[in-house]
Amino acid sequence: MHFVGVGGAGMSAYARAAHALGAEVSGSDGADGPYLRRLAADAVLVADIGHRAENVPPGEDVELYYSSAVAPENVERRAARERGIAERPRAVLLGELSAMRRTIAVAGTHGKTTTASMIVHALRAAGLQPGWLVGAPIGGGLANAEWGEGEWLVIEADESDRSMLSLSVEIALLTNVELDHHATFASLAQLQEAFREFLALARTAVVVWDRPELLALAPGRSEVELVGYDAPSPTLVRGGSRFDWRGHEVVLEVPGAHNALDAAGALEAARVAGADAALAVQGLAGFRGAGRRFQPLGVGPNDALLFEDYAHHPSEIAATLRAARTLEHRRLVAVFQPHLYSRTALLAREFGQALALADAVVVLDVYPARERAEDHPGASGLLIARACADAGGGRPVYWTPAFAEAERVLRGVLDAGDVCVVMGAGDVDALGRALVAS
């Protein structure tokens, strides 16, 4: 099995599962990265850097799987077609893997990775030994995937390419619904219908945030249990929270009301899967966050504290900055790298309003991912910087398109007692690490 784009969070997870099941795996990616280094360290595969036809293994018993970011004209995909090798999207493999286990699939616009990671920790604490395929390392030194020895598999179900609709699902969890992937869904109504189709896949239970518009998407079949969850008015403390759930006090060491809500959903899914409630709660007490989800990076310039977060939607940015406010700080400084030109152009005003929750803001240029700048004229991070200045009430906003410019500005802006959060779904984490390393 050959994975094109294996350096991504999802594809690297599927490669791990395939390796655990006995396949001979290989892969390639356009650039080196942490997932590739972890795959090599764990003896899963050593990826080829750069795409070339000769990366595809010889022989006829080869299957090629590609990520949604890999275009049909990719040289390895073209080589596979010319050789008559099976060429399949990642959704096909994910569907096959989910059919091999009792699957808990976590979907929603925000909170998928954290909620899925929490479910894994809750099930492990209850002794159920789950497998998982999640879009980031799940915390506690654990990778983004493991096949596991138990009967359950926890999967992060992605709506960006509709791959969530390819899954075999026993328990479906829906966190929330907001329009985010504008190239896939033309309207909120289209997105809601896709999530309705996802929830209809569940065979045992549907776990949904207790909101009327979300509950209305549930299938309404008598044989499928409908579970609404919430964590109303959690007690927010420095760097964490507390709330009551089914007679148990849940204590978290990850900040913010949004993490309390994710924990409530995770606990309900674990309960439905048969986990002992008290043990599941204990499992979350030691959860320190999934990879790139409000992760501490260390001390930066002038002894400022640096964190990184994967937030790339206005709602996620607002939730992250509110969580950061629970930490002791002199000022809150936000650094944001927009992700995708289409999202930037459509949500610039909302991004500006969310970022204005910080005391100072640094905006970088767009991380294009699978999009091209020439297809989105006029879309750049400057749109968000201007919107933030409009909403900021005089707060300083810095437009620094490149990392080098942002690093120079941050060295002058940051001071002792500041909390700085570096946000985005691209490679902005490298900027945060550079600030700490220096």
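Residues numbered from 1 in each chain as written. Predicted model: local features only at pLDDT ≥ 70, side-chain atom pairs only at ≥ 80, totals over all residues. Heavy atoms only, no water.

Draft legend 1. Structural view of the side chain of Arg77. With respect to the helices and strands, the residue Arg77 is situated in helix α3 (residues 75-83). Aside from chain neighbours lying at most four places away, what touches Arg77 is Leu64, Tyr66, Val70, Ala71, Pro72 and Glu87. (Helix = DSSP H or I, 4+ residues; strand = E, 2+ residues; numbered from the N terminus. Contact = heavy atoms within 4.5 Å.)

Draft legend 2. Broad picture of the side chain of Arg101. By secondary structure assignment, the location of Arg101 is in the loop between α4 (90-99) and β6 (102-107). Here Arg101 is buried and forms no salt bridge, its nearest opposite-charge partner Glu149 lying at an N-O distance of 8.5 Å. Of note is the side chain of Arg101, whose polar atom sits 3.3 Å from the backbone oxygen of Gly150. Residues in contact with Arg101, not counting those within four places in the same chain, are Gly131, Trp147, Gly148, Gly150, Glu151, Trp152 and Leu153. (Buried < 20%, exposed > 50% of the residue type's maximum accessible area, 1.4 Å probe, protein only. Lys, Arg positive; Asp, Glu negative; His and termini not counted. Salt bridge = Lys/Arg side-chain N within 4 Å of Asp/Glu carboxyl O. Polar contact = N/O pair within 3.5 Å; in protein donor to acceptor, adjacent residues only side chain to side chain.)

Draft legend 3. Representation of the packing of aromatic side chains in the model. In this structure the tally under the stated criterion is three aromatic pairs. Across the ring face of Tyr66, the terminal group of Arg77 is positioned such that the distance to the ring centre comes to 3.5 Å. One Lys or Arg, Arg293, reaches over the ring of Tyr310 and ends 4.2 Å from the middle of that ring. (Phe/Tyr/Trp six-rings, centres within 6.5 Å; stacked < 30°, edge-to-face > 60°. Lys NZ or Arg CZ within 6 Å of the ring centre and 35° of its normal.)

Draft legend 4. Up close: the sheet that holds strand β17 (residues 305-309). The mixed open sheet is built from six strands, whose spatial order is β16-β17-β21-β18-β19-β20. A strand with exactly one partner marks an edge of an open sheet, and here the two such strands are β16 (295-299) and β20 (397-399). Each strand of the sheet is rotated relative to its neighbour by a mean of 20°, with strand direction disregarded. The pairing of strand β18 (residues 332-336) with strand β21 (residues 419-423) spans five bridges and is parallel. The residue of β21 that forms the bridge with Ala334 is Val421. Docked against the sheet, helix α11 (residues 341-355) engages β18, β19 (360-363) and β21, running at close to 155° with respect to β18. With respect to the sheet, helix α14 (residues 429-437) is in contact with β16, β17, β18 and β21, its orientation differing from that of β16 by roughly 30°. (Pairing = 2+ DSSP bridges. Axes fitted to C-alpha atoms, helices over the stretch in contact; angles between N-to-C directions.)

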